[in-house]
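Take a look at the letters that make up each chain.
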Amino acid sequence: MFGDLFDSPWKILIVAAVLIVLFGSKKLPDAARSLGRSMRILKTEVSGLHEDEPEAPLTAAPAASAPEPAEH
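This is a predicted model, so every value here is computed, not measured.

Analysis parameters
- Residues numbered from 1 in each chain as written.
- Predicted model: local features only at pLDDT ≥ 70, side-chain atom pairs only at ≥ 80, totals over all residues.
- Heavy atoms only, no water.
- Helix = DSSP H or I, 4+ residues; strand = E, 2+ residues; numbered from the N terminus.
- Buried < 20%, exposed > 50% of the residue type's maximum accessible area, 1.4 Å probe, protein only.
- Areas by Shrake-Rupley, 256 points an atom, 1.4 Å probe, with all protein chains shown as cover.
- Salt bridge = Lys/Arg side-chain N within 4 Å of Asp/Glu carboxyl O.
- Contact = heavy atoms within 4.5 Å.
- Expected span 1.5 Å × (residues − 1).

Q: Could you give me a rundown of the overall build of the protein, with the residues and numbers involved?
A: Secondary structure summary: the protein contains two helices and zero strands in total. Taking all 72 residues of the protein together, 0% fall into the buried category. Surface exposure of the protein reaches about 7,300 Å², of which carbon and sulfur atoms provide 66%.

Written out as structure tokens, the structure reads:
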């Protein structure tokens, strides 16, 4: 879908010009910096989740016995 969009340098220049007109040249670096920080935070959180995840046991867990009926 986006492969054909960036196949020539003219298309890249047009897209860049539209972005500068829409967002302004002062806001684009701040937006890119913010996006980079967000991606870094997401990456550390995902790697932290993978570290916290316990490894799967190699042997099957013993089956839990059925609870005994309560006496009234």
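Q: Give a description of the pattern of salt bridges that names residues and reports values.
A: Under the definition given, this model contains one salt bridge. A salt bridge links Arg33 to Asp30; its shortest N-O distance comes to 2.9 Å. Of this pair, Arg33 and Asp30 both sit in helix 2 (residues 27-52), separated by three residues, roughly a single helical turn.

Q: Let's hear about the environment of Leu19: which residues, and what values?
A: One can find Leu19 in helix 1 (residues 9-23). Residue classification places Leu19 among the partly exposed positions, given a relative accessible area of 36%. In this structure, Leu19 is in contact with Gly24 and Leu28, ignoring residues within four places of it in sequence.

Q: Describe helix 1, with residues and values.
A: For helix 1, built from 15 residues, the straight-helix expectation of 21 Å at 1.5 Å per residue is met to within 8% by its first-to-last C-alpha distance of 21 Å. Two residues or fewer after helix 1 comes Gly24, characterised by a positive phi angle close to 85°.

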